[in-house]
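# Survey of secondary and tertiary structure
Read off the chains here:
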Amino acid sequence: MGFRTSFFTLLLIALSAQTQAQEWANVSRFQTDNAKIIAAKTPVKVVFMGNSITEAWPTADADFFNTPGFVNRGISGQTTPQMLLRFKQDVIELHPKVVVILAGTNDIAGNTGPTTVHEIFGHIESMASLAAAAGIKVVICSVLPVFDYPWKPGLEPVQKIIDLNNKLKVFTVLKGHSYADYFSAMANDKSGLREDLGSDGVHPNKKGYGLMKPIVLQAIEKALSNK
C-alpha cells in the first residue's frame, strides 16, 4: 500500500510538473488553430516561430501573412526554452516545408532568468535539429540589434547578441541551413537598432519589417533550393 501510494504520488507530481511546463510555454495558445489546419489538411509552406517580433509582424504588414501557406507562431516575451517546448505542436505537426526561427533576444534580456549564449544557442540548435529530422527546411534568423532593453536596462546586450549571431551563422553553414541576417542590415554605429527602424530600440516598426521582409524571403527560397 505504501509503495502504491508513493508511486501514484510521484506520478501526480510528474503530471503536475508537465502541466506547469506546458502552461509556462503557453503550449495551448495555438492548439485550436493548429487542429483546424491539420483537420483541413491545409498545405503549410512556412511556419514563423518566434517572440513578439514575429507575433507583431502581421500588424505592420498584414498582407505578408496573408500569403498562402504562411503561418505565424510568435508569442510575445518568449525565450528559446519555451519555444522548444511547443515546437512539436506548433511547427512539426503542421508539416511545413520551411520553418523560420527568430529567437534569443528575450533570453539575453533575462525574461525567464539568467542564461548564457551557449544555452541559447543549444535551444535553437535543438529546434533546428528537430525540424531537419522531420524533413523541414530550416531558416535561422540573426537576433536583431539591441543596445539596451527598455524593460531591463543596463544589461549591455550588444556583445552577447554578436556572439550568438556568430555561432548561429557558423551553425547554418555547417548544417546546410539558411541564414537570415537582419542584424547587419538593421544595426546602427553602436550595434543597436537603427532609430528609424523602431522606437524602443528592440521592436521594429513598419519600415523595419519592410527591411526584414526581402531578407527572410530570400532565405526561405534558398532553404527550399537546398538539397
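For the structure, check the block above.
The structure contained in this document is the topic of the report that follows. In this text, all values refer to a predicted model and were calculated from it rather than measured experimentally. Counting from 1, residues in each chain are numbered in the order their sequence is written. Whole-chain, interface and lining totals are the exception, using all residues; otherwise, since this is a predicted model, local features are given only for residues with pLDDT of at least 70 and side-chain atom pairs are given and counted only at 80 or more. Only hydrogens and water are removed before side-chain values are computed, so all heavy atoms of the structure are retained for them.

## Regarding the packing of helix α5 (residues 80-90) against helix α7 (residues 117-133)
Orientation of α5 relative to α7, taken along the N-to-C sense of each, is 20°, at an axis distance of 9 Å. Between α5 and α7, the angle is such that the two are roughly parallel. For α5 against α7, the interelement crossing comes out left-handed. Contacts from Thr80, Pro81, Met83, Leu84 and Phe87 of α5 reach α7 at Ile120, His123, Ile124, Ser126, Met127, Leu130 and Ala131. Only Asp, Glu, Lys and Arg are considered charged in this grouping, and only Ala, Val, Leu, Ile, Met, Phe, Trp, Tyr, Cys and Pro are considered nonpolar; every other residue, Gly among them, is considered polar. Grouping the amino acids of the contact of α5 with α7 by side-chain chemistry returns nine nonpolar, three polar and no charged. Angular values range over 0 to 180 degrees, each being the angle between N-to-C directions of two axes fitted as lines to C-alpha atoms, with helices fitted over their stretch in contact. Labels follow the DSSP assignment, with helices taken as runs of H or I lasting at least four residues and strands as runs of E lasting at least two, numbered in each case from the N terminus. When an angle is under 35 degrees it counts as roughly parallel; over 145 it counts as roughly antiparallel; between 65 and 115 it counts as roughly perpendicular; any other value is oblique. Helix crossings fall into two classes, left-handed where the near helix is turned counterclockwise from the far one by less than a right angle and right-handed where it is turned clockwise. The contact criterion used is simple: two residues touch if any of their non-hydrogen atoms lie within 4.5 Å.

## As for the packing of aromatic side chains
Aromatic rings from Phe, Tyr and Trp, taking only the six-membered ring of Trp, are treated as a pair when their centres fall within 6.5 Å; an angle between ring planes under 30 degrees marks them as stacked, one over 60 as edge-to-face, and anything in between as tilted. A full pass over the atoms with the stated rule returns 11 aromatic pairs. An angle of 70° between the planes, with centres 5.8 Å apart, marks the rings of phenylalanine 48 and phenylalanine 64 as edge-to-face. Here phenylalanine 48, found in strand β1 (residues 46-50), pairs with phenylalanine 64, found in the loop between α4 (57-60) and β2 (70-74); they are 16 residues apart in sequence, far enough to count as distant. Each residue is placed in one exposure class: buried if its accessible area under a 1.4 Å probe, protein chains only, is under 20% of its type's maximum, exposed if it is over 50%, and partly exposed if it falls in between. In this structure phenylalanine 48 comes out as buried when scored by relative accessible area, which is 2%. By the ring-pair criterion, three or more aromatic residues cluster together here, those being Phe48, Trp57, Phe64, Phe65, Phe70 and Tyr209.

## Overview of the sheet that holds β2
Note on pairing: two strands pair once DSSP finds at least 2 bridges between them. Read from one edge to the other, the open sheet built from five strands follows the order β2-β1-β3-β4-β5, with strand pairing classed as parallel. Since the sheet does not close on itself, it has two edges, and those belong to β2 and β5 (178-180), each with one partner. With strand direction ignored, the average angle separating the axes of adjacent strands in the sheet is 20°. Direction of pairing for β1 relative to β2: parallel, over a ladder of five bridges. For valine 47, the partnering residue across the bridge sits in β2 and is valine 71. Along the sheet, α5 makes contact with β1, β2 and β3 (98-101), crossing β1 at roughly 160°.

## With respect to unusual backbone geometry
Unlike most non-glycine residues, histidine 95 shows phi in positive territory, near 55°. If you trace the backbone, histidine 95 turns up in the loop between α5 and β3. Here serine 191, not a glycine, exhibits a phi torsion of approximately 65°, which is positive.

## Considerations on the environment of tryptophan 57
Here tryptophan 57 shows up in helix α4. Here the alpha-carbon distance between tryptophan 57 and histidine 203, two residues 146 residues apart in the chain, equals 9.9 Å. Non-local contacts of tryptophan 57, meaning those with residues more than four positions away in its chain, are made with Phe64, Phe65, Tyr182, Tyr209, Met212, Lys213 and Val216.

## Focus on the packing of α7 against helix α8 (residues 158-175)
Orientation of α7 relative to α8, taken along the N-to-C sense of each, is 35°, at an axis distance of 10 Å. When you trace α7 past α8, the crossing you get is right-handed. Taking contact as the criterion, the partners of Val117, Ile120, Phe121, Ile124, Glu125 and Ala128 in α7 are, on α8, Lys160, Asp163, Leu164, Lys167, Leu168 and Phe171. A class-by-class count of the residues in the contact of α7 with α8 yields eight nonpolar, no polar and four charged.

## Overview of the nonpolar core
To form a nonpolar core, buried Ala, Val, Leu, Ile, Met, Phe, Trp, Tyr and Cys residues must be joined to one another through side-chain atoms within 4.5 Å. The biggest cluster of nonpolar side chains holds 35 residues, and the ones touching the most others in it are Phe87, Val99, Ile101, Ile124 and Leu164. At the level of secondary structure, the elements contributing two or more residues to this core comprise β1, α5, β3, α7, β4 (137-141) and α8. Ranked by residue count, the leading element in this core is α7, at seven residues. Discounting residues that sit within four places of it in the chain, valine 99 has contacts with Val47, Met49, Phe87, Val91, Ala131, Ile136, Lys137, Val138 and Val139. Within the second largest apolar cluster, 25 residues are counted, among which are Val46, Val98, Val216 and Ala219.

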